[in-house]
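Here is what each chain is made of, one letter per residue.
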Amino acid sequence: MKIILAVLTSLLLLGGCQSPAPSAAAGEETLYNALGERSGIADIVEDMLYRIVEDPRLADDFRGIDVARFHRQLTDQLCHLSGGPCTYTGRSMEEAHAGMNVTEAQFNAVADHLVLAMETHSVPTGAQNRLLARLVPLHDRIVGH
Amino acid sequence: MTHVRSLASLLVLTLMPGLTVADVGSRLWATGGVTTIEGSAGGGLVPMAVLSGYASDTEWGGTASLSRLTTDGYSFHGAGATVSAFNRVELSVARQTLDLDTLGASLGQDELAQTVYGLKVRAFGDLIYDPLGQWSVGIQHKRNTAEAISNAIGSRDNTGTDVYISGSRLFLAAVGGRNLLINGTLRATRANQTGLLGFGGDRNDDHELMAELSAGLLLNRHWLVGMEYRQKPDNLSFAREQDARDFFVAWFPHRRVSVTAAWVQLGDIAGLSDQQGPFAAIEASF
C-alpha cells in the first residue's frame, strides 16, 4: 500500500522537474523545421488569426489590434520558441495582456485554434505537442492579468 | 432497446446545429476523460482529477453516457450524466445494473442495481499548466436497490459512501512526442464490487484505503489508449474479491462525442471466478 502511494506521488510530482527546457539542443532545429520554418509558422499564425476573429470568446479582445504587427510578432515568438533564428521584439507577455483579464477559457481557445491551424498545415502530432509544451510557461504570464 | 433509443435521441440532441445548447467548453481535446461506471469523470473504472466535459473557468457543461460490459457470468449496464461548472465542481449521477445471467436462479434475483450520486471538486492545480498537476477530492454516495441479495450474501448495508482524492497530470510530448496522461486515486471505501454487492461484510466492515492508477497515451487528439488498475476491498467470505484492471481505447471523433472500448478483468464476482470481458461506452458532451 505504502509503496503504491510512494510510486503514485513520485509519478505525479515528477512533472515538476520534467518540463522540457527550451535550450539549445539537437531537437530545436527539428521542431522549427517540422513547423515549416518561418514561412510555415507565418502561415499557421495567419490561419490561427482567421479562426480567432471568428470566435465569439476572443473576437472582442482582438478587435482593433494592428493585425499585421500582431501577426509578425506572434510569428517571431513561435519561431524563437521552436528554436528558429528569430528574435521576438514585442512586449513581455505580462505587459501585453495587462488589464485584459484573460481567462482560462480564452487561453485554451487560442491554444485550440493553434492546434487546429497546425493540423491544417499538416504539422505532425509530435511537433504540435512539442510546441504546446514550450507554450505552457506562457500560461501563467498571460492568464488573469 | 430503451438504451439504444435514448442514445439515439441523445446524439441527435447534442449534434443538432442551431439548438440552443451552450457551446461545448474550451478545454483541450479529450481533457475531460470519459465517464467511469460510477459516473465521475475519469477512465472506465478509475476516477481522475479532471472534471467532466470541456468547461473552462467561465463555462459550464456536462456529459451523458451509456456503457455495457459482458463477462461469462454477468452483463453490466451503466447510464450516467454529469454537470460541471467553471472547471471547479462536477456533479454526477450513475445508474448501474448487473444482470445475474448465471446466478439468477440460485440467488432468486434477476439483477442487482444501484444508483451513485457523485460530487467532485478541483482543489487546486491544472492538468496541463501546473507542474504539480491537478488535484481533486470527490465523494460517491451509493444506494443499492437490490436489498434481498445484499442480506443473502452477508453485506452489512445497502448504502455506502466512498471518498477519494485524485491527482492527474498531462505530460505534453512525453513519449515519442505524444502526450501522456497519468492519474492516481486514493479511495476510502467499504463497497463490495463497487457497491453492487452491498457495503461492508463479515471479514471487514470499515472503510479501507484503496489505490487506483490509470495511464493513457494520446496518440493524437482523437485517440487515447491506456490501462487502469483498481484495488478493491475484500469484505465478504461468501464472495472473495480481487483487484480489477483494464486496457482501453477511447476515440474522440468530435468534441461532443467519445466512444470507448476496453477489455476489463474484474476477478471473481460473487463466487464466479475470473470474470472478464469487453466493455463499450459512448458519451456525449454538451
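Just above, that's the structure.
Since this is a predicted model, take the numbers as computed values, not measurements.

K.L.:
Mind laying out the interface of chain B and chain A, listing which residues take part and the relevant values?
P.N.:
Note: interface size is frequently given as the accessible area lost on complex formation between the parts. Contact residues are listed per partner, giving 39 residues for chain B and 31 residues for chain A. The largest contributions to the chain B side of the interface with chain A come from Y129(B), L172(B) and R221(B), which together make up 23% of the buried area. One can count two salt bridges joining chain B with chain A. Between E119(A) and R221(B) there is a salt bridge, with its nearest N and O atoms 2.3 Å apart. Our count for the contact surface shared by chain B and chain A stands at nine residue pairs in polar contact (both at pLDDT 80 or more). Elements with a minimum of two residues in the side of chain B that touches chain A: strand 8 (159-175), strand 9 (178-189) and strand 10 (208-220) of chain B. Of the residues assigned to the side of chain B that touches chain A, the class counts are 17 nonpolar, 13 polar and nine charged.

K.L.:
Can you lay out the layout of surface pockets for me, pointing to particular residues and giving the numbers?
P.N.:
Residue and element names in this part refer to chain A. When its volume is computed, the largest pocket comes out at roughly 870 Å³. Lining of the largest pocket is provided by 34 residues; of these, F62, F70, M93, H97 and I142 occupy positions nearest its centre. Within the residue set of the lining of the largest pocket, elements represented by two or more residues are helix 3 (37-53), helix 4 (59-62), helix 5 (67-81), helix 6 (93-96), helix 7 (104-120) and helix 8 (125-142). Tallying contributions element by element places helix 5 first for the lining of the largest pocket, with six residues. Of the residues that constitute the lining of the largest pocket, the class distribution is 26 nonpolar, four polar and four charged.

K.L.:
For helix 3 of chain A, give the residues involved together with the corresponding values.
P.N.:
Spanning 17 residues, helix 3 of chain A covers 25 Å between terminal C-alpha atoms, matching the ideal 24 Å at 1.5 Å per step. Every buried residue of helix 3 of chain A is listed here: G40(A), I41(A), A42(A), I44(A), V45(A), D47(A), M48(A), L49(A) and I52(A).

K.L.:
An account of the packing of aromatic side chains is requested, with residue identities and associated values reported.
P.N.:
Overall, the coordinates contain five aromatic pairs over all chains when judged by the stated rule. With a centroid separation of 5.1 Å and an interplanar angle of 90 degrees, the aromatic rings of F107(A) and Y129(B) are classed as edge-to-face. Taken together, the residues F107(A) in helix 7 and Y129(B) in the loop between strand 6 (111-125) and strand 7 (134-144) connect one chain to another. Classification of Y129(B) as buried rests on a relative accessible area of 9%. The interplanar angle of 75 degrees and the centroid separation of 6.1 Å between the aromatic rings of W60(B) and F286(B) together place this pair among those described as edge-to-face. Taken together, the residues span a long stretch of sequence, with W60(B) in strand 3 (residues 60-70) and F286(B) in the segment after strand 14 (272-285) at a distance of 226 residues. Judged by its relative accessible area of 47%, W60(B) falls in the partly exposed class. Here R221(B) stacks its cationic end above the ring of W29(B), 4.3 Å away from the centre of that ring.

K.L.:
Could you give an account of the environment of L28(B), naming the residues involved and the relevant values?
P.N.:
Along the chain, the position of L28(B) falls in the loop between helix 1 (2-15) and strand 1 (34-35). For L28(B), a relative accessible area of 13% translates into the label buried. Sequence separation of L28(B) and A55(B) is 27 residues, and the distance between their C-alpha atoms is 9.8 Å. Dropping the residues within four chain positions of it, L28(B) is found in contact with N108(A), A111(A), D112(A), Y54(B), I128(B), Y129(B) and R255(B).

K.L.:
Lay out the pattern of salt bridges in plain terms, naming residues and giving numbers.
P.N.:
As a working rule, side chains carrying opposite charge can pair if their charged atoms are close by. Residues and elements named next belong to chain B. Applying the stated criterion to the full structure yields 18 salt bridges over all chains. The salt bridge involving D162 is made with K142; its shortest N-O contact spans 2.7 Å. Taken as a pair, D162 in strand 8 and K142 in strand 7 lie far apart in primary sequence, 20 residues in all. What you see here is one network of salt bridges that share partners, running through E38, K142, D162, R187, E212 and R230.

K.L.:
Can you break down empty space enclosed by the protein residue by residue, with the values?
P.N.:
Evaluated as defined, the whole model comprises nine cavities of 30 Å³ or more. If you add up the space inside the largest cavity, you get close to 230 Å³. Each residue belonging to the lining of the largest cavity can be placed in one class, and the counts come to eleven nonpolar, three polar and two charged. Size it by volume and the second largest cavity reaches roughly 130 Å³. The wall of the second largest cavity is formed by 14 residues, among which N108(A), R27(B), N87(B), D126(B) and L127(B) lie closest to the centre. Grouping the amino acids of the lining of the second largest cavity by side-chain chemistry returns six nonpolar, five polar and three charged.

K.L.:
Residues and numbers for the nonpolar core, please.
P.N.:
If you look at the biggest cluster of nonpolar residues, it comprises 80 residues, and the most contacted ones within it are L35(A), L114(A), L135(A), Y74(B), L112(B), I128(B) and F252(B). Ranked by the residues each element gives to this core, the list is headed by helix 8 of chain A, at eight residues. With near-sequence residues (within four places) excluded, L114(A) lies in contact with I44(A), M48(A), L78(A), L131(A), L132(A) and L135(A).

Cut-offs and rules
Residues numbered from 1 in each chain as written. Chains lettered and ligands numbered in written order. Predicted model: local features only at pLDDT ≥ 70, side-chain atom pairs only at ≥ 80, totals over all residues. Heavy atoms only, no water. Contact = heavy atoms within 4.5 Å. Buried area = accessible area lost by both parts, 1.4 Å probe. Salt bridge = Lys/Arg side-chain N within 4 Å of Asp/Glu carboxyl O. Polar contact = N/O pair within 3.5 Å; in protein donor to acceptor, adjacent residues only side chain to side chain. Helix = DSSP H or I, 4+ residues; strand = E, 2+ residues; numbered from the N terminus. Nonpolar A, V, L, I, M, F, W, Y, C, P; charged D, E, K, R; others polar. 1 Å grid on protein atoms, 1.4 Å probe; cavity = no way out; pocket = protein on both sides within 12 Å on 5 of 7 lines; lining within 4 Å. Points joined across faces, edges and corners; volume = space filled by probe spheres on them. Expected span 1.5 Å × (residues − 1). Buried < 20%, exposed > 50% of the residue type's maximum accessible area, 1.4 Å probe, protein only. Phe/Tyr/Trp six-rings, centres within 6.5 Å; stacked < 30°, edge-to-face > 60°. Lys NZ or Arg CZ within 6 Å of the ring centre and 35° of its normal. Core = buried A, V, L, I, M, F, W, Y, C linked by side-chain atoms within 4.5 Å.

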